[in-house]
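So the chains spell out like this:
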Amino acid sequence: EIKAYPELTAGLTSDQYYTQEQMKEFVTYAQSYGVRVIPEIDIPAHASGLRPLQKTQGLTFCDGDTASTIGDTPENLKCVNTIYDEVVSVFSDPWVHIGGDEVVESTNGTGCSVKEIQTVETSVQE
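Here we summarise the structure given alongside this text. Worth saying up front: this structure is predicted, and the values here are computed from it rather than measured.

Scoring rules and cut-offs
- Residues numbered from 1 in each chain as written.
- Predicted model: local features only at pLDDT ≥ 70, side-chain atom pairs only at ≥ 80, totals over all residues.
- Heavy atoms only, no water.
- Axes fitted to C-alpha atoms, helices over the stretch in contact; angles between N-to-C directions.
- Helix = DSSP H or I, 4+ residues; strand = E, 2+ residues; numbered from the N terminus.
- Parallel < 35°, antiparallel > 145°, perpendicular 65-115°, else oblique.
- Contact = heavy atoms within 4.5 Å.
- Nonpolar A, V, L, I, M, F, W, Y, C, P; charged D, E, K, R; others polar.
- Disulfide = S-S within 2.5 Å.
- Buried < 20%, exposed > 50% of the residue type's maximum accessible area, 1.4 Å probe, protein only.

## What about the packing of helix H1 (residues 20–32) against helix H3 (residues 74–90)?
(1) Moving on: Contact geometry for H1 and H3: axes closest at 9 Å, N-to-C directions at 40 degrees. By the angle between their directions, the pair H1 and H3 is classed as oblique. Residue-level inspection shows Gln20, Met23 and Lys24 of H1 in contact with H3, the latter providing Glu86, Ser89 and Val90.
(2) Moving on: Across the contact of H1 with H3, the residue classes break down as 2 nonpolar, 2 polar and 2 charged.

## Some details on the state of the cysteines
(1) Moving on: Under the criterion given, the structure shown has 0 disulfides.
(2) Moving on: Here cysteine 79 stays unpaired: no disulfide links it, and the sulfur of cysteine 62, its closest cysteine neighbor, is 14 Å away.
(3) Moving on: Cysteine 79 gets classed as buried once you look at its relative accessible area, which sits at 1%.

Okay, structure coming up:
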């Protein structure tokens, strides 16, 4: 659950995602057994779950019809940073895995550039 973007879970039933409160309880439970819970938000690729933000927040994808990799537009960076800010507030561990794998870089200018990909990945680390 990302409270800033309720449209991400709008079409889901309550058993298809975790609320922030449920995740906080899970993290506390795991900690009681000495287990760290490190969230992963796999971007800039594997971002098709963010498609609802295209209409509401102006999010865009840099890989055409595939629409699974986000580029470094100001709107995209704002969305990604908002999501990460919320996730960090839920999990107590200082680490968050950003994924960053399986991005197909464009060499002919028709898709995602290495610079775009690096900018998105760097943005969440600041």
